[in-house]
Amino acid sequence: MSMSDLVSVISILIALASGFITCLVYMSTRKDSSYTDVDHQYADLLKMALDNVDFRDCEKTAGYYRLPIDDEFRRKYEIYAYMVWNFLETIYDREQEKKDEGHISHTWFPVILEENRLHYTWFKHNLRLFKEEFQRFIIETVNDILLMESDLNGLKEVYGHFEQDFPYNERKPLEHLIELYQKGRYSIILAKHEMFNKIIGYAFVYNDEKTLWLDYMAIEERFQNAGYGTLLFNRIMGLKSPNKPGMYIEVEKPGPDDSKNSDAARRIRFYERLGAQRLPIDYELPTEVGPFPMFLYFKPAQNAKMLPAEEMKQSIESVFGYIHSDIADASVIAASISPQDVYFTEGGSTY
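The rules behind each value
Residues numbered from 1 in each chain as written. Predicted model: local features only at pLDDT ≥ 70, side-chain atom pairs only at ≥ 80, totals over all residues. Heavy atoms only, no water. Helix = DSSP H or I, 4+ residues; strand = E, 2+ residues; numbered from the N terminus. Expected span 1.5 Å × (residues − 1). Bend = angle between axes of the 7 residues up to and from the residue. Buried < 20%, exposed > 50% of the residue type's maximum accessible area, 1.4 Å probe, protein only. Contact = heavy atoms within 4.5 Å. Arc of directions from axis to C-beta. Phe/Tyr/Trp six-rings, centres within 6.5 Å; stacked < 30°, edge-to-face > 60°. Lys NZ or Arg CZ within 6 Å of the ring centre and 35° of its normal. Right-handed = clockwise from strand over helix to strand, strands pointing away. Pairing = 2+ DSSP bridges. Axes fitted to C-alpha atoms, helices over the stretch in contact; angles between N-to-C directions. Parallel < 35°, antiparallel > 145°, perpendicular 65-115°, else oblique. Nonpolar A, V, L, I, M, F, W, Y, C, P; charged D, E, K, R; others polar. Polar contact = N/O pair within 3.5 Å; in protein donor to acceptor, adjacent residues only side chain to side chain. Patch = residues over 30% accessible without salt bridge, like charges linked within 9 Å, V, L, I, M, F, W, Y side chains within 5 Å. Areas by Shrake-Rupley, 256 points an atom, 1.4 Å probe, with all protein chains shown as cover. Salt bridge = Lys/Arg side-chain N within 4 Å of Asp/Glu carboxyl O. Left-handed = near helix turned anticlockwise from the far one by under 90°.

Participant: Quick question: what am I supposed to make of helix α6 (residues 152-165) here?
Facilitator: With 14 residues, α6 should reach 20 Å at 1.5 Å per residue; the first-to-last C-alpha distance of 19 Å fits that figure. Remark: the principal bend of α6, roughly 45°, maps to Y159. Among all positions in α6, only G154, L155, V158, Y159 and F162 are buried. Buried residues in α6 make contact with α7 (174-183), β2 (186-193), β3 (198-207) and β4 (212-219).

The structure is reproduced here in C-alpha cells:
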C-alpha cells in the first residue's frame, strides 16, 4: 500500500470515528434534552400548585366531586388534575418505549405514586379520558395490593411500625399478640405492594363463628391517602365476613381541643366514608390503667338489615374475654355495656 493510500484509509477511519462520536453526542444531547423537557413540565405543574395550594391537599382533592359543579375550586382543580394525569400518561408511554412492559424507572415511579395519592379520586371519575393500557397500570399495578395471612414472623416484622402507629394506651405488647395468634382466632393480615415487593400495611383481626372484629389496621405513612387503606378494609370484609352481619371497629374519640384534622377525626371520617356506623352505646376499651372511652363502629355486611342488642352483647363479651384476657377487669367492663337493637337503612342506622 502506497503512502497516499494509507493516508486515504486513515482519513476515512477518522471521518467515520468523528461521525460516530457526533452521533453519540447528538443522541446523548437529545436524551438529556428530552429528560429536561419532561422535568420542566413537572416543575411547571408544581409551580401552578403554589398558587393553588389546595391542589396538594389530599383530603380536599379526594372530595372534589362533592362540591357544586360551579364551585371555583372544583372548576380549577378539574383542569389541573387533567393536566397531571396527562403528564403521568406521557411518562408511562415514554418509559414503555425503553423498558419492559409495566416497568417504571426509579426516577419517575415515586412521582407517579405521589400524584396518584393526591389525584386518584379524579382519575377514577374520569377513566374514559385515558387509554385502557394506562388505566390497567394505574388500577392493577399502582393501586393494588396482595393480602397475605401471616405467621408470627410477619407479626414481628410489622411490630415496630405498630408501636409507632398506635398510642401506648391502645396497643397490646408483642407477647400478648403472640399469645392471641397462637390461640387460633386472631389473624395477622399483611398488605403487600407487589411493585415495591414490600409490606405497606397490616391488620389484626379477631374472627370467630359470629363475630368479625378489626382490632388494629394501619398503612405505612408514605403510602397513606392513596386508597390502600380502603382497599385493605374492603378486602378484609370480603375475605372474613361471609355468614356474619358485619365488622366491628374501635375508634378513638376526638378530644375537646382536637381539630377536624386530628388523627382521631380523620379516622372517623375514613370509616364513615366506608359505610361504618357509630353504635349507640357507651363503649370503653379495657387497658392496664383503666377503662378508656372510645366509639364503637360497625360496618354492616351488604345484606344486613339489623344488629340485635343481644348479638352485640355476645360479641363484645366474646372479644373482651379473648383479646383483653390480660386485663383483670375486662369482664366487668363488658358487663357494664348496654347495647340496643340497631336497624340499618340507606341513610344510616336507627335504634
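Participant: What should I look at first to understand helix α5 (residues 132-142) in this one?
Facilitator: Because each turn of an α-helix spans 3.6 residues, side chains separated by three or four positions end up pointing in the same direction. Listed in full, the buried residues belonging to α5 are F134, Q135, F137, I138 and V142. Buried residues along α5 cover an arc of 160° about the axis, so they all sit on one side. In this structure, α5 carries E132 and E140 as exposed residues pointing more than 90 degrees from its buried face. Taken together, the buried residues of α5 touch α3 (72-98), α4 (109-125), β2 and α8 (228-240).

Participant: Hey, could you run me through the packing of aromatic side chains in this one?
Facilitator: Any two aromatic rings considered together are summarised by their centre-to-centre distance and by the angle between their planes. Evaluated as defined, the whole model comprises 38 aromatic pairs. Ring centres 4.7 Å apart and planes at 25° place the aromatic pair F55 and Y80 in the stacked group. You can see F55 sitting in the loop between α1 (3-50) and α2 (58-62) and its partner Y80 sitting in helix α3, a full 25 residues away along the chain. Comparing F55 with Y80 shows no difference in burial state: the two are buried. Taken together, Y82, W85, Y92, Y120, W122, F123, F130, F134 and F137 form an aromatic cluster joined through their ring pairs. Over the ring of Y322 we find K183, and its NZ or CZ is 4.2 Å from the ring centre.

Participant: Is there a simple way to think about the environment of L88 in this case?
Facilitator: Relative to the helices and strands, L88 resides in helix α3. Separated by 28 residues in the primary sequence, L88 and N116 place their C-alpha atoms 9.1 Å from one another. Contact partners of L88, with chain neighbours within four places excluded, come to V111, I112, E115 and F134.

Participant: Would you take a moment to explain the pairing of strand β5 (residues 246-252) for this structure?
Facilitator: Looking along a regular strand, one sees side chains alternate from face to face of the sheet. Burial analysis of β5 places six of its seven residues in the buried class, the great majority of the element. Viewed along the sheet, the connection from β4 through α8 into β5 turns out right-handed. In this sheet, strand β8 (residues 292-300) lies alongside β5 in antiparallel orientation, the contact comprising seven bridges. When the bridges of β8 are listed, Y248 appears paired with F298.

Participant: How should the side chain of E115 be read in this particular structure?
Facilitator: Relative to the helices and strands, E115 resides in helix α4. The class for E115 is buried, based on a relative accessible area of 1%. In contact with E115, other than residues within four places in its own chain, are Y42, L46, R56, V84, W85, L88 and Y120.

Participant: Where do I start with the packing of α3 against α5 in this structure?
Facilitator: Angle between the axes and distance between the axes: these two values describe a pair of packed helices. At their nearest, the axes of α3 and α5 sit 11 Å apart, and the two run at 95° to each other. Here α3 is positioned roughly perpendicular relative to α5, judged by the angle of their axes. Contacts between α3 and α5 involve W85, L88, E89, Y92 and Q96 from the former and E133, F134, F137 and I138 from the latter. Within the contact of α3 with α5, the residues separate by chemical class into six nonpolar, one polar and two charged.

Participant: How should I be thinking about the environment of K198 in this particular structure?
Facilitator: Its place among the elements puts K198 in strand β3. Classification of K198 by relative accessible area gives partly exposed; the value is 28%. Leave out the neighbours within four places in its chain, and K198 touches A191, K192, H193, E220, R222 and F223. Here the side chain of K198 touches E220 through a polar contact of 3.3 Å, side chain to side chain.

Participant: Help me out: how do you make sense of a nonpolar patch on the surface in this one?
Facilitator: On the surface, M48, I79 and M83 cluster together into a nonpolar patch covering about 270 Å² of accessible area. Tracing the backbone through its elements, the reader meets M83 in helix α3.

Participant: Can you help me understand the packing of α6 against α7 in this one?
Facilitator: Their axes nearest at 11 Å, the elements α6 and α7 cross at an angle of 145°. By crossing handedness, the relation of α6 to α7 is classed as right-handed. Between α6 and α7, the contacting residues are L152, L155, K156, Y159 and F162 on the first element and L174, L177, I178, Y181 and Q182 on the second. Here the contact of α6 with α7 is composed, by residue class, of eight nonpolar, one polar and one charged.

Participant: Before we go on, may I ask you to explain the environment of D165 in this structure?
Facilitator: Of note, D165 is situated in helix α6. Assessed through its relative accessible area of 25%, D165 is described here as partly exposed. Ignoring sequence-local partners within four residues, the contact set of D165 consists of Y202, A218 and R267. Side chain to side chain, D165 and Y202 meet in a polar contact 2.7 Å long.

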